Amino acid sequence: MSQGSSALEGVTVVDFTQVYMGPSATQLLGDYGADVIKVERPKYGDLSRSSITDESGLDNPIFYSINRNKRSISIDTRTEEGKQVVYDLVRHADVVVSNFRAGVMDRIGFGYDTLKQLNPRIIWASGTGFGEVGPYAHKGGQDVLLQALSGVMWRRQSNDLPLSVYPTTLCDYTTGMHLMQGILLALLARERTGEGQRVDVRMFDSMLHMQMQEAATQLNRGTEINWAAMPLSGVFPTTDGAVCMVGAFKQEPLRDICTALGLPDELWQRPDLQDQPGQMAARAELQGIFAERFAQDTTAHWIQRLEGVDLLCAPVLTMAEALADEQTAINEMVVKMDHPTEGSVQVLNAPIGLSATPATVRRRAPRLGEDSDAVLAEHGYDDDRIAALRAGGVVS
C-alpha cells in the first residue's frame, strides 16, 4: 500500500457488489482513496439502479447514495472473453468484493481458490446472508428476513405491539460495515505477510453480534434484556410532537423525572419504586403518568425541563428535520456531488473523521459502463481489442 494523501490510496478494488450491503462497504473504501472498479451487468447494472421508479432512471438516488468514488465497467461475465477481462483486472487488484448468495462466485468462475491462483496477494471478501453451510445457506440475504431470523424483529417495546419491519435497513448497513472492517484487517495482515486471504461476513452473524449484551444475558441467565421496555424510558407525545426520554445513568433518575415533570415527591419516594425490579413491576403505571404529563405541553418546554435536571432526552425528528438540523451541518454530513442529468445532488458524507487522510468525494456515482474503455486501456487493452469486445457485446 503506497503512502499518499488518502488512507487507501494505491489500493485497487474489483467490486461485484449490488444493492446496499456490499456497495456501502466499497463506497467507504472509495471515500478513503481506493480505486473501486464496479463490475456491472450490461444493460441493467447493479440491482439498485432499478430498485425504485425515478426520473433519473438507472442513476437514481438509491444508486448514487452508495456508489460514489467508483468507476463502472459493464462486462458480460457469462462469456469466456468476459471472464478473461475480469481475470486481467484481478491480476492487478488488491481486493475483490461480492455479496451474492453463497457459492455464486464459484459458479461464475471467480471463487477464492481460482482468483488466488492468479494473484496470491488478493483479498477475496464475501458478504452473504448465512454462509456456505447450514439450513439457511440457500436463502438470499435480505434485510427483512434477517430482522426476522436474528431475533431483532421479535424484540419490541411491548409484547402487545404488533410485529413489524424496522424501516431502515440496519442489517445491510451493519454487515456492510463489518465487511469493510474485514477488508481493512486483511490489508493490514498482508502488510506483514505479503499474502492475501479470504474474508467472509454473514448477515446472520452480524445481527446476532449487534445484540451481544442481550445474547449474553439470554445464554447465561435465561432472561431477556429489552432496552426499549425500561420503565423510566420511552417516547411520549407532546402538544406539538414527541419527546424521547431515557431515565438511566443517574443515581436517582425517577426523582429527577418527577422534578422535571412537576410530579409529586411521593411518587419517587414510594417504597415499591426504589429499585429497578419494583419500577419494572409498575412500568405500565409509570408510563401512563409520564404520558399524561408530556401531553400537557410542548416538546420544547419538556426538553428544557428535562435538560435542566440533566436527563437524557431529545425531540423526535423526521428525516427531513434531521437532515436540516444544525448539528448535521456542523458535522458536514451532507455533501454535493455532480450528477449526469440533475447537475448536482446531495448525499451523506462518510461518517469517519481522519485528521490527516480524510474522506473525499472525488467522483460522482458512475453511469452504467461509463469507465469501461478507460479501465480496459489501463489494463493493456488497445483500441482494436476494446472495439472487438464491444462489437461482441462482451463489454458495453
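The structure this text deals with has already been given above.
Predicted, not measured: the structure shown is a model, and the values here were computed from it.

As for the overall build of the chain
1) Next: Scanning the chain for helices and strands turns up 18 helices and 11 strands.
2) Next: Along the first, second and third principal axes, the C-alpha set of the chain runs to 85 × 50 × 40 Å.
3) Next: Buried positions account for 44% of the 396 residues belonging to the chain.
4) Next: Contacts in the chain between residues far apart in sequence, at least 24 positions, make up 69% of those at least 6 positions apart.
5) Next: Charge centroids of the chain, computed over 35 positive and 51 negative side chains, lie 5 Å from each other.

Side note on the side chain of S98
1) Next: Note that S98 resides in strand 4 (residues 95-98).
2) Next: Apart from the residues lying within four places of it in its own chain, the contact partners of S98 are F16, T17, M105, A125, S126 and G127.

Structural notes on the pattern of salt bridges
1) Next: A full pass over the atoms with the stated rule returns 23 salt bridges.
2) Next: Where D76 meets R78, a salt bridge forms, and the shortest distance between an N and an O atom there is 3.0 Å.
3) Next: Judged by its relative accessible area of 12%, D76 falls in the buried class.
4) Next: Notably, a salt bridge pairs R155 with E214, separated by 3.1 Å at the nearest N-O pair. Within this pair, whereas R155 is found in the loop between helix 6 (143-149) and helix 7 (170-193), its partner E214 is found in helix 9 (residues 212-221), the two being separated by 59 residues in sequence.
5) Next: Note on R155: relative accessible area 24%, which makes it partly exposed.
6) Next: Residue E214 is classed as buried on the basis of its relative accessible area of 13%.

Some thoughts on the packing of helix 7 against helix 8 (residues 203-210)
1) Next: Contact geometry of helix 7 with helix 8 gives a least axis separation of 9 Å together with a crossing angle of 95°. It follows from the interaxial angle that helix 7 and helix 8 lie roughly perpendicular. The segment helix 7 lies against helix 8, with L170, C171, D172, T174, T175 and H178 engaging M203, S206, M207, H209 and M210.
2) Next: Class assignment for the residues of the contact of helix 7 with helix 8 results in five nonpolar, five polar and one charged.

Some details on the sheet that holds strand 7 (residues 233-237)
1) Next: The three strands are arranged 7-8-9 in an open sheet whose pairing can be described as antiparallel. The open sheet has two edge strands with one neighbour each: strand 7 and strand 9 (312-315). Sheet twist, expressed as the average angle between the axes of neighbouring strands with direction ignored, equals 15°.
2) Next: Inspection of the sheet shows strand 8 (residues 242-246) paired to strand 9 by four bridges, in the antiparallel sense. Opposite M245, over in strand 9, you have C313 as the bridge partner.

What about the packing of aromatic side chains?
1) Next: In the structure shown here, the tally under the stated rule is 10 aromatic pairs.
2) Next: Relative to Y136, the ring of F130 has its centre 5.3 Å away and its plane inclined at 55°; by these criteria the two rings are tilted.
3) Next: Of the residues examined, F130 reaches a relative accessible area of 10% and is grouped as buried.
4) Next: For Y136, a relative accessible area of 33% gives the class partly exposed.
5) Next: Judged by centre distance (5.5 Å) and plane angle (65°), the rings of F294 and W302 are edge-to-face.
6) Next: On the basis of relative accessibility, which here comes to 0%, the residue F294 falls in the buried class.

Let's talk about the nonpolar core
1) Next: Counting 30 residues, the largest nonpolar core has V13, V95, L179 and I183 as its most contacted members.
2) Next: Those elements that provide at least two residues to this core are helix 1 (21-31), strand 4, strand 5 (123-128), helix 7, strand 6 (198-202) and helix 8.
3) Next: Sorting elements by how many residues they give to this core places helix 7 first, with eight residues.
4) Next: Residue contacts for L179: discarding those within four places in its chain leaves M21, G22, A25, V97, A125, S126, G127 and V201.
5) Next: By size, the runner-up hydrophobic cluster in this structure holds 26 residues, among which are V86, V90, V96 and M105.

Things to note about the environment of D113
1) Next: Its location among the elements puts D113 in helix 5 (residues 112-118).
2) Next: D113 sits 14 residues away from G127 along the chain, and the two C-alpha atoms are 17 Å apart.

Here we look at the pairing of strand 7
1) Next: Alignment of strand 7 against strand 8, held across five bridges, turns out to be antiparallel. Looking at strand 8, one finds that V235 is bridged to C244.
2) Next: Between strand 7 and the antiparallel strand that follows it, strand 8, lie four residues.

Focus on the sheet that holds strand 6
1) Next: The parallel open sheet is built from six strands, whose spatial order is 3-2-1-4-5-6. Strand pairing shows two members of the sheet lacking a second neighbour, strand 3 (70-74) and strand 6, which therefore form its edges. With strand direction ignored, the average angle separating the axes of adjacent strands in the sheet is 20°.
2) Next: Direction of pairing for strand 1 (residues 12-15) relative to strand 2 (residues 35-40): parallel, over a ladder of four bridges. Following the sheet pairing, T12 is matched in strand 2 by D35.
3) Next: On the sheet, helix 8 packs against strand 5 and strand 6 and is oriented at approximately 65° with respect to strand 6.

What counts as what
- Residues numbered from 1 in each chain as written.
- Predicted model: local features only at pLDDT ≥ 70, side-chain atom pairs only at ≥ 80, totals over all residues.
- Heavy atoms only, no water.
- Helix = DSSP H or I, 4+ residues; strand = E, 2+ residues; numbered from the N terminus.
- Buried < 20%, exposed > 50% of the residue type's maximum accessible area, 1.4 Å probe, protein only.
- Contact = heavy atoms within 4.5 Å.
- Lys, Arg positive; Asp, Glu negative; His and termini not counted.
- Charge placed at Lys NZ, Arg CZ, Asp CG, Glu CD.
- Salt bridge = Lys/Arg side-chain N within 4 Å of Asp/Glu carboxyl O.
- Axes fitted to C-alpha atoms, helices over the stretch in contact; angles between N-to-C directions.
- Parallel < 35°, antiparallel > 145°, perpendicular 65-115°, else oblique.
- Nonpolar A, V, L, I, M, F, W, Y, C, P; charged D, E, K, R; others polar.
- Pairing = 2+ DSSP bridges.
- Phe/Tyr/Trp six-rings, centres within 6.5 Å; stacked < 30°, edge-to-face > 60°.
- Core = buried A, V, L, I, M, F, W, Y, C linked by side-chain atoms within 4.5 Å.

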